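Survey of secondary and tertiary structure
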Amino acid sequence: AFRQHGHNETDEPSFTQPEMYRRIAAHPGVREVYLRSLEQRGIVGRPEAEAMMEAFHRRLDAALTDVKEHGKEAFKKTKGDSPFQGLWAGYHSDSPDAVDTRLPRDLLAHRLRQLNQLPDGFTPHPKIRRVFQQREAQADGRQPLDWSAGELLAYATLVTGKHRVRLSGQDCKRGTFSHRHAVIVDNETGAHHNLLAGLSPDQAPFEAINSSLSEAGVLGFEYGYSLDYPDSLVIWEAQFGDFVNGAQVIIDNFIVSGEAKWSRCSGLTLFLPHGYEGQGPEHSSARMERFLQACAEDNLQIAVCTTPAQTFHLLRRQVLRRVRDPLVVFTPKSLLRHPRAVSTLDDLAGGRFQEVIPDDHPEHREGAKRLVLCTGKIYYDLLAARPHPEGGDRDVAIVRVEQLYPWPWDQIQAEIARHPGAGIVWCQEEPKNMGAWSFVALNFLEAGVKIRYAGRHASASPATGYPGRHAAEQRGLVAEALGE
């Protein structure tokens, strides 16, 4: 490359290495650049900033002196200091407390209609008009709620309840799969309208920020934001779940272990689209197995919702209860518009988040010969393939595990007890060395309960790149799970 541009290996740079170091040393540091910016905006003056820095240095010096003089006892004392002070007063990291996430049906319908209100003269895209027509029918009870309605109602009821909601990610305003439309654009002027900004005069802010393709940087910022706003719902959404691998350093060093290392809790929520739709390896897996492997000491919450109502109650629970743990939600793609992945206003008004959802078909509530446990969208594939019971035949019951961690063993045991003698199967879309299988198998092994696996073979790649092969694999694993 040097030769192509008229250079050779003996050409000297325009300045020497010592000069380069002198230039770097003379350049203002990050703190100085940031302080100058704050000064220009009139936010913080230099004397105040210097006083803050000196006070912080005095704290560090005092802590170091204490440790040097008193050794391990000083460390234990510092380690035992409660982090739940100031902004964090009233929160805790102990066992989760019960919280009521229900709201009156009329209020939910009212909020849904508010989400349909547009400024005078605003011209939405024709496709958005159809979305608004559907929401009007949903508010009237003429249509069930789709995924976007359940999700947006969670945000709407939180901000009107004085809880800030912040959502960032690549294309999160619209939603990568064009389902959310939290911020819409005037088709003629290009003006933006935030649907959740004007619901109530004294509401909390709703922010949706389309971020850059810098997963580690953006997720690191949102983690820090969650530390300063414990009463808020702070969400980072990956465009596809696979993109979370670009932020792995933040997950490993802060989100997973921050409480154990520094006694710092966070209520940060991750939305990771996950599901096998035959789109190839880079658009299938959010690497569920990596998160489950990192679970210990109640450091995370891992959830996979299969209905809009589950998402509604889960997001409200994350904010309303006083325990603060990061929440990882493996969100859907095809289920966003699946005709069976729907809920009613009554499900939101009278329900709660269910860690385990029993088989609600009358013929499968008890006494099945086979009990299939699963999580996520594979449930709807199993449901579609299961023969309708005739003459009291109760061959297969399908139970959804919606919360994988903390592992809801008591509820799973209750489902096993409803089907005494049934063969237990775990079914998943992911290859055997991925997904939840290893985590599930270990929990069953420790409990001394036998369980079989139905799914893809172990693989180095998350998924095949051939739609036909994907479909054949999917049919095979569903048939295996159902015992066909």
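Above this text is the structure in question.
Residues take numbers from 1 onward in each chain, read along the sequence in its written order. Local features in a predicted model are, by the rule used here, given only for residues with pLDDT of at least 70; side-chain atom pairs are given and counted only at 80 or more, and totals for whole chains, interfaces and linings are based on all residues. Only hydrogens and water are set aside when side-chain values are computed; all heavy atoms of the structure are taken into account.

Note on helix geometry: an α-helix contains 3.6 residues per turn, so any two residues three or four positions apart are oriented the same way. Counting from the N terminus, the helices are the DSSP runs of H or I reaching at least four residues and the strands are the DSSP runs of E reaching at least two. For a helix, the expected span equals 1.5 Å multiplied by the number of residues minus one. Between its first and last C-alpha, helix α6 (residues 126-139) extends 20 Å over 14 residues, near the 20 Å set by a 1.5 Å rise per residue. Listed in full, the buried residues belonging to α6 are Ile128, Val131, Phe132, Arg135, Ala137, Gln138 and Ala139. Residue contacts are defined here by distance: any two heavy atoms, one from each residue, within 4.5 Å place the two residues in contact. Contacts made by the buried residues of α6 are with α5 (105-114), α7 (147-159), β2 (183-185) and α13 (345-350). Just downstream of α6 lies Gly141, where phi reads positive at about 80 degrees. Burial status follows relative accessibility: with a 1.4 Å probe on protein chains alone, a residue under 20% of its type maximum counts as buried, one over 50% as exposed, and anything between as partly exposed.

Right, let's get into the side chain of Gln170. Inspection of the secondary structure assignment puts Gln170 in the loop between β1 (165-169) and β2. Counting of polar contacts relies on pairs of N or O atoms within 3.5 Å, with two restrictions inside protein: one atom must be capable of donating a hydrogen and the other of accepting it, and residues adjacent in sequence are counted only when both atoms are side-chain atoms. Within the structure, Gln170 has its side chain in polar contact with the side chain of Glu215 (distance 3.0 Å). Within polar-contact distance, the side chain of Gln170 engages the backbone nitrogen of Gln239 at 3.5 Å. Setting aside anything within four residues of it in sequence, one finds Gln170 in contact with Thr176, Ser211, Ser212, Leu213, Ser214, Glu215, Glu237, Gln239 and Phe243.

Any two strands between which DSSP finds at least two bridges are classified as paired. Reading across from one edge, β4-β1-β5-β6-β8-β7-β12 is the order of the seven strands in this open sheet, with mixed pairing throughout. One side of each edge strand has no neighbouring strand; the edge strands of this open sheet are β4 (206-210) and β12 (403-405). Between one strand and the next, the sheet's axes are offset by a mean angle of 20 degrees, whatever the strand orientation. Here β1 runs beside strand β5 (residues 233-237); their pairing, made up of five bridges, is parallel. A fitted line through C-alpha atoms serves as each axis, taken over the contacting stretch for helices, and the angle formed by two N-to-C directions is quoted from 0 to 180°.

In terms of burial, strand β6 (residues 269-273) is a largely internal element, five of the five residues being buried. Side chains Thr269, Phe271 and Pro273 project from β6 onto one buried face, and the interleaved Leu270 and Leu272 project onto a second face that is buried too. One ladder, built from three bridges, connects β5 with β6; its direction is parallel. Each bridged residue has a counterpart across the sheet, and for Glu237 the counterpart in β6 is Phe271. The pairing of β6 with strand β8 (residues 327-331) spans five bridges and is classified as parallel. Its bridge partner lying in β8, Leu272 is registered against Phe330.

Spatial strand order, β9-β11-β10-β13-β14: five strands in an open sheet with mixed pairing. Every interior strand has two partners, whereas the edge strands, β9 (356-357) and β14 (452-456), have only one. Of the strand pairs in this sheet, strand β10 (residues 370-374) and strand β13 (residues 423-431) are connected by four bridges, and their pairing is parallel. In the sheet register, Val372 faces β13, and the bridge partner there is Val425. Sitting on the sheet, helix α14 (residues 378-385) is in contact with β10, β11 (396-401) and β13, with an inclination near 165 degrees to β11. Running at roughly 155 degrees to β13, helix α16 (residues 437-447) makes contact with β10, β13 and β14 of the sheet.

To continue, consider a nonpolar patch on the surface. There is a patch of nonpolar side chains on the surface, built from Met20, Tyr21 and Ile24 and spanning about 310 Å² of accessible area. Position of Tyr21 among the secondary structure elements: in helix α1 (residues 17-26). Every patch collects residues that have over 30% relative accessible area and no salt bridge, joining them within 9 Å if they carry like charges and within 5 Å if they are nonpolar side chains (Val, Leu, Ile, Met, Phe, Trp, Tyr). Residue-level accessible areas treat just the shown protein chains as cover; the underlying method is Shrake-Rupley with a 1.4 Å probe. By convention in these notes, a salt bridge is any Lys or Arg side-chain nitrogen within 4 Å of a carboxyl oxygen on Asp or Glu.

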